[in-house]
Amino acid sequence: MVVPCVLVLSYAFFQRGVWGGVEYTFTLENFARVLDPLYAKIFLNSARIALTATVVAILIAYPAAYAISRAPKMSQPILLFFAVLPFWSNYLIRTYAWIVLLNREGLINNLLRWLGYTGEPLSMLYTESAVITGLVYNYLPFVILAIYSTLSRLNPELMEASRDLGAGPVRTFLRVTLPLTLPGVAAGGVFVFVLSIGNFVTPALLGGGRFQMVGNLVYDQFLTANDWPFGAALGAALILTMIVLLLLQARATAHASGERKGEATQ
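Everything numeric here is computed off the predicted structure, so don't read it as measured data.

(A) Seen up close, the side chain of Asn138. On the secondary structure map, Asn138 appears in helix α7 (residues 128–152). Not counting residues up to four positions away in its chain, the partners in contact with Asn138 are Phe87, Tyr91, Arg94, Thr95 and Thr202.

(B) Structural view of the packing of helix α5 (residues 91–102) against helix α6 (residues 107–114). Two elements in contact, α5 and α6, have axes whose closest approach is 4 Å; the angle formed by their N-to-C orientations is 30°. Considered as vectors, α5 and α6 are oriented roughly parallel to each other. Residues Val100, Leu101 and Leu102 of α5 pack against Leu107, Ile108 and Asn109 of α6. A breakdown of the residues in the contact of α5 with α6 according to their chemical character gives five nonpolar, one polar and no charged.

(C) Summary view of α7. Counted at 1.5 Å a residue, the expected span for α7 with its 25 residues is 36 Å, and the 35 Å between its end C-alpha atoms agrees. Tyr139 marks the point of greatest bend in α7, at about 50°, and the proline Pro141 comes within the next four residues.

(D) Layout of the pattern of salt bridges. Enumeration according to the criterion identifies four salt bridges in this entry. We note a salt bridge from Glu128 to Arg48, for which the minimum N-O separation is 2.7 Å. Taken together, the positions of Glu128 in helix α7 and Arg48 in helix α3 (residues 37–70) put the pair 80 residues apart, joining distant regions of the chain. The partly exposed category is assigned to Glu128, whose relative accessible area is 23%. The exposure class assigned to Arg48 is partly exposed, which follows from its relative accessible area of 38%. Taking the shortest distance from any N to any O, the salt bridge between Glu105 and Arg113 comes out at 3.7 Å.

(E) Representation of α5. Relative to the 16 Å expected for twelve residues at 1.5 Å per residue, α5 spans 17 Å between its end C-alpha atoms, a close match to the ideal helical length. Buried within α5 are the following residues: Tyr91, Arg94, Thr95, Trp98, Ile99 and Leu102. Buried positions in α5, seen along its axis, are confined to an arc of 155° and lie on one side of it. By the N-cap criterion, in which a side-chain oxygen at the helix start approaches the backbone nitrogen of a residue two or three places on, α5 is capped by Asn90, the distance to Leu92 being 2.7 Å.

(F) Seen up close, the nonpolar core. In this structure, Val143, Ile144 and Ile147 are the most contacted members of the largest nonpolar core, which totals 28 residues. Of all the secondary structure elements, the ones that give two or more residues to this core are α3, α4 (76–84), α7 and α9 (169–197). The residues touching Ile144, leaving out its near neighbours within four places in the chain, are Ala61, Ala64, Ala65, Ile68 and Ala83. Core analysis: the second largest hydrophobic core is formed by 19 residues, Val34, Ile197, Phe222 and Leu234 among them.

(G) Highlighting the environment of Pro63. Tracing the chain through its elements places Pro63 in helix α3. Distance in space between the C-alpha atoms of Pro63 and Tyr148 is 9.9 Å, their sequence separation being 85 residues.

(H) Geometry of the environment of Ala83. Within the secondary structure layout, Ala83 lies in helix α4. Given the relative accessible area of 16%, Ala83 is considered buried. Residues Ala83 and Leu145 lie 62 residues apart in sequence; the distance between their C-alpha atoms is 8.4 Å.

(I) Region of the structure containing the packing of aromatic side chains. Applying the stated criterion to the full structure yields 16 aromatic pairs. Where Tyr11 meets Trp228, the ring centres are 5.8 Å apart and the plane angle is 50°; that geometry is what we call tilted. Pair noted here: Tyr11 is in the loop between α1 (2–10) and β1 (15–16) and Trp228 is in helix α12 (residues 228–265), with a separation of 217 residues, a long-range link. Taking 5.1 Å as the distance between ring centres and 70° as the angle between the ring planes, the aromatic pair formed by Phe14 and Tyr24 counts as edge-to-face. With Phe14 in the loop between α1 and β1 and Tyr24 in the loop between β2 (22–23) and α2 (29–34), the pair connects residues that are ten residues apart, well separated along the chain.

Conventions and cut-offs
Residues numbered from 1 in each chain as written. Predicted model: local features only at pLDDT ≥ 70, side-chain atom pairs only at ≥ 80, totals over all residues. Heavy atoms only, no water. Helix = DSSP H or I, 4+ residues; strand = E, 2+ residues; numbered from the N terminus. Contact = heavy atoms within 4.5 Å. Axes fitted to C-alpha atoms, helices over the stretch in contact; angles between N-to-C directions. Parallel < 35°, antiparallel > 145°, perpendicular 65-115°, else oblique. Nonpolar A, V, L, I, M, F, W, Y, C, P; charged D, E, K, R; others polar. Expected span 1.5 Å × (residues − 1). Bend = angle between axes of the 7 residues up to and from the residue. Salt bridge = Lys/Arg side-chain N within 4 Å of Asp/Glu carboxyl O. Buried < 20%, exposed > 50% of the residue type's maximum accessible area, 1.4 Å probe, protein only. Arc of directions from axis to C-beta. Polar contact = N/O pair within 3.5 Å; in protein donor to acceptor, adjacent residues only side chain to side chain. Core = buried A, V, L, I, M, F, W, Y, C linked by side-chain atoms within 4.5 Å. Phe/Tyr/Trp six-rings, centres within 6.5 Å; stacked < 30°, edge-to-face > 60°.

The structure is reproduced here in structure tokens:
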């Protein structure tokens, strides 16, 4: 894994040849181009879309994971099976399925007509909402599993103690359950954000090329513009962003674990 990444990223320090490809002359110009306002705007737009998908995924995944963790023990494996069932099909097939659902002659518009809707077909495809929907759908199981793993390890005596001390269900959830499961929420959120910000298939298919994200930009530099050095520099910036997020998530998880151990010792 490391050798191909180092090989590709090393191209970021060289120049693009006159006819494309790589000219092995050392330069830092590619990294300067990454900071150009045009490309910085694409980075920020990608981060905004990825963050929106992350928030939506967490809001959907937490109730689902909570319900699974509170279900009878015999039912939990079955419910988890249905949560990860989409992974049994190819990523492209899952994305194309949303095209069938969202296009103007798709299943959703046909259902609306059957229910009596007589207006213009809804334009749901090739929008930012369609891109976010596709990202959430494809990465939601990661968040459900991450949150479920923390919920399933919670000591039920903590919730019982909270209720015995007079706290209601809402206060118990906000003061006990939610803080103790934040590491799982953070892990799932980082999964979605990291995978979303570098995604290029979903924006290309569900966005119709109207919403360019960093992944699409890297893809275009390598396979369309034939500018491997700049594509490698963009890839390096993306990888650096992912590494920083993963390190922050790991540090926050370790800090939370240390605090819980300290409280348990006291």
